[in-house]
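Notes for the structure review
Listed here are the chains, written in short residue letters.
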Amino acid sequence: MVYIFYNDSIQKSENNNFLDMIWRGATTGILATAVSLFIMFFYYLLGESRLATDPLLFNFFYHVNFAFITLFLISSTLLWRHLILYQKNKKVVQQWQAFEITLLISMFFIFFNKNTLDYSFLFGLFFLLIFGTSLSANLKWIPYLTFKEKWKSILFLGIILLCTSFLFFQLLSYSESADILVNLTDNLFLLSLFGFVFIYSLFSFLVTFFNLPTSSVFEQKLLEVINFQRLSQSIKPGENESQVLDILVDSCMSAAYVDAAWLELRQDHKSHFIHQRFVKNKERRELYEMINMAKPFLEFNWQDQGNERKVFYGKIPHPKFKSAMVIPLVVNKETMGRIFLAKEVKDGFNKEMINIISTFVGQACISVENSRLLNEAIKNERYKEELKIAQQVQRSLLPSQLNHDETFEIFGFSEAADEVGGDYYDTHQIDTHRFAVIIGDVSGKGTSAAFNMSQMKGIFHSLVQIDPSPGEFLIKANTALSKCLEKNHFITTTYYILDTKNKNIYFSRAGHCPTLFFDASTDSCEFLRVGGMGLGIVRNKLYENYVHENEIHYEKDDLLVMYTDGILEAKDGNGQEFGYDRLKALVKANHTQSAKIINEKIIQGVFEFIGDNAIIDDDYSVMVIRFNQ
C-alpha cells in the first residue's frame with residue numbers, strides 16, 4: 001500500500017525537477033529521524049519508571065518508528081527509480097523491473113526462513129546489493145544540474161545518508177531487545193532497501209561532488225552560445241556600433257574569466273579608450289605601456305600592417321595584472337581598434353580561450369561594418385570585401401567533416417546565391433550507434449540569412465548535447481529562435497536521428513523540403529512528406545501542434561537525399577523549374593554510385609538544366625547518405 005501510494009504521488013508530480021525530488025527524499029528522512037529521536041527522548045524522560053519497561057508501550061513505539069522508516073525507504077526507492085530511468089532505454093527499464101520483482105520476492109523470504117544468518121539469507125542480501133549497485137551507476141541527471149543546484153543536492157544527499165545510517169542502527173538496537181512481540185526488522189526485504197537507498201545516495205553524492213568543476217564549464221559553453229547570438233543580432237539599421245562593442249567586451253570577459261578590459265579605437269589618428277571594465281585610468285596607462293613594450297608582445301605600431309592584425313598574449317611585469325591579451329578589430333582590411341584583456345594570474349590565456357575570443361571579435365567586426373554599410377547605404381567595393389569576410393565566417397560554420405561510421409557514408413555540398421547564404425547542414429555523433437543530422441534553410445538571402453544561420457548552428461550544438469527526440473528538438477529550437485529572429489524571418493529544417501544498430505531513421509520536419517528516400521530492395525524513390533511548420537512562424541506553445549515525428553527502416557544500399565529549395569526551384573531559360581521528378585530520376589539513375597558522386601551528379605544535373613546563361617537566384621545545398629550495411 002505504501003508503494004502504491006508513493007508511486008501514484010510521484011507520477012502526479014512529474015514536473016518536479018531533480019532538486020525537488022532529492023529534497024523530498026531528504027524531508028521524509030528528516031521526518032523519520034525526528035520521530036525516532038522523539039521516541040528516544042520520551043524514554044529518556046521516563047527514566048527507570050514502571051512505564052519505561054512496559055512491553056506494550058515499547059512495541060507500540062517500535063511499530064510507529066518502523067512505519068516512518070518504511071515510508072522513508074520506499075519513497076526514497078521510488079524517487080531513485082525516477083532518477084535512474086531518466087533518459088531511459090529498454091535495457092535499463094528491464095533491469096529495474098527485474099530488481100523490483102526480486103525485492104517483491106525478498107519481502108516473503110521471512111516466512112520461509114527464520115534464521116537471518118544462514119547462507120541463503122546472506123546470498124540473497126549480497127545478490128540484491130550487487131543488483132542495486134549496478135543500477136546505481138545510472139546517474140545521467142547529474143550533468144544537467146547547475147553549479148548552485150549541485151551544491152544543494154550534495155547537502156540533501158548528505159542528509160539522506162545520515163538519516164539512513166541513523167535509522168539503520170536504530171532498528172538494529174530494537175532487534176536486540178527481547179520485548180518485541182513481532183520483530184519486523186530481521187528480514188531480507190528491509191535490509192535490501194536500506195542498502196539500495198544508501199548506495200544510490202552515496203554514488204549520487206560522490207559523482208555530484210566530483211562533477212562540480214564540469215558544471216561551470218557546461219554553463220560557460222551555454223553562455224558562449226548566447227553571447228554569440230547576441231553579437232549576431234545586436235546591430236540594426238539606425239543604431240551605432242557602440243552597442244556591439246559593449247557586448248563584445250562583456251562576451252570576451254565572460255569567456256576568458258578576465259579581471260579587466262577596455263577598448264581602444266583609432267579615429268582621426270588619435271586613440272580613444274571606451275568600455276573600460278574594472279581597471280582605473282592609472283592602471284590602464286601602466287598596462288598599455290607595458291603591453292606595448294614587454295615580451296612576447298612586439299612593440300605595436302598603428303602603421304605596422306604586419307603586427308596590427310596579430311593576436312598577442314603573454315606575461316607582463318605589472319604588480320596586479322600578471323598576463324594580458326591584445327586582439328585587433330579589423331574591419332574591411334583596416335584596423336579600427338584593439339581590445340585589451342588582463343588577468344591577475346600568470347599564463348591566464350589558453351588556446352581555447354583565444355579561439356573563442358577571436359570568434360567573438362570576428363563576429364563583432366562584421367556587425368560593426370554591416371552597421372556602417374546599412375546606415376550609409378553604400379554598395380561599393382568596401383561592401384563586397386566585407387561580404388567576403390562574412391562568407392569565410394559562414395563557410396567556417398559549415399562542417400569540414402561530417403560524422404559517420406563504417407555503416408554509412410555521407411557527403412554534403414552548399415553554395416550561396418550571393419556572397420553569403422542561409423543554408424545550413426551539420427552532424428553530431430550522439431553515441432556509438434546514433435547520429436544526429438540536420439539540414440536547414442533560412443528565409444531570405446545574404447548577410448541576414450548568414451547571421452540567422454549562425455544562430456541555428458549555436459542552437460543545434462547546444463540542444464544536441466541533451467539528446468532530445470526530433471520532435472523535442474524542433475520545439476526547443478522554435479522557442480530559442482522565437483526570441484532572437486526578427487518577426488519577418490523564419491527557418492525551415494529537418495532533424496534526423498540515425499540509429500545504425502537498429503537501422504532506423506527518426507525524423508521531424510519543420511516546413512523543409514521533403515526528404516528523398518531510395519529503397520534498394522524495390523528500386524524505387526519516394527518523398528517522405530511528414531507534416532510540419534517552419535521555425536519562428538508560430539512563436540508560442542501552439543507550435544507543438546504542428547510537430548510530428550516519423551520513423552523509417554533502412555537496409556543496405558538505401559539512400560537518403562536531403563536538399564534545399566534552391567535545387568527544386570532552379571529555372572531554365574523558359575522559366576521552367578527543375579522540380580521533384582528530375583531530382584528523383586537523377587538519384588535513381590545513379591543509385592549505385594558513392595554518396596559523393598551522387599551529390600556531384602545532382603549539382604551537375606541542375607547546372608545542365610538551367611543552361612550557361614541562367615542564374616541561380618537562391619542558395620542550394622545537397623546532402624547524400626548511402627547505407628553500406
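Notes on the structure in this doc start here. (Residues numbered from 1 in each chain as written. Predicted model: local features only at pLDDT ≥ 70, side-chain atom pairs only at ≥ 80, totals over all residues. Heavy atoms only, no water.)

The final tally for this structure, using the stated rule, is eleven salt bridges. Residues K315 and D347 are paired through a salt bridge, measuring 3.9 Å at the closest nitrogen-oxygen approach. Highlighted residues: K315 in strand 3 (residues 312-315) and D347 in the loop between strand 5 (334-343) and helix 11 (351-376), separated in sequence by 32 residues. We note a salt bridge from D431 to R434, for which the minimum N-O separation is 3.0 Å. (Salt bridge = Lys/Arg side-chain N within 4 Å of Asp/Glu carboxyl O. Helix = DSSP H or I, 4+ residues; strand = E, 2+ residues; numbered from the N terminus.)

Next up on the list: the sheet that holds strand 2 (residues 270-277). Taking strand neighbours across the sheet as the criterion, the five strands line up as 2-1-5-4-3 in an open arrangement whose pairing is antiparallel. Each edge of the open sheet carries a strand with a single partner, namely strand 2 and strand 3. Averaged over all adjacent pairs, the angle separating strand axes in this sheet is 15°, with direction ignored. As defined by bridge partners, strand 1 (residues 260-267) adjoins strand 2 across six bridges and the pair is classed as antiparallel. Bridging from a neighbouring strand, E264 pairs with F273 of strand 2. On the sheet, helix 9 (residues 242-256) packs against strand 1, strand 2, strand 4 (323-331) and strand 5 and is oriented at approximately 55° with respect to strand 2. (Pairing = 2+ DSSP bridges. Axes fitted to C-alpha atoms, helices over the stretch in contact; angles between N-to-C directions. Contact = heavy atoms within 4.5 Å.)

Our next topic: the nonpolar core. Grouped burial of nonpolar side chains is what soluble globular proteins tend to show. Counting 56 residues, the largest nonpolar core has W80 and W141 as its most contacted members. Those elements giving two or more residues to this core turn out to be helix 1 (2-12), helix 2 (18-46), helix 3 (55-84), helix 4 (90-107), helix 5 (119-135), helix 6 (147-175) and helix 7 (188-210). The dominant element in this core, judged by the number of residues it contributes, is helix 3, at 14 residues. In contact with W141, not counting residues within four places along its chain, are F18, I22, L83, Y86, Y200 and S204. (Core = buried A, V, L, I, M, F, W, Y, C linked by side-chain atoms within 4.5 Å. Buried < 20%, exposed > 50% of the residue type's maximum accessible area, 1.4 Å probe, protein only.)

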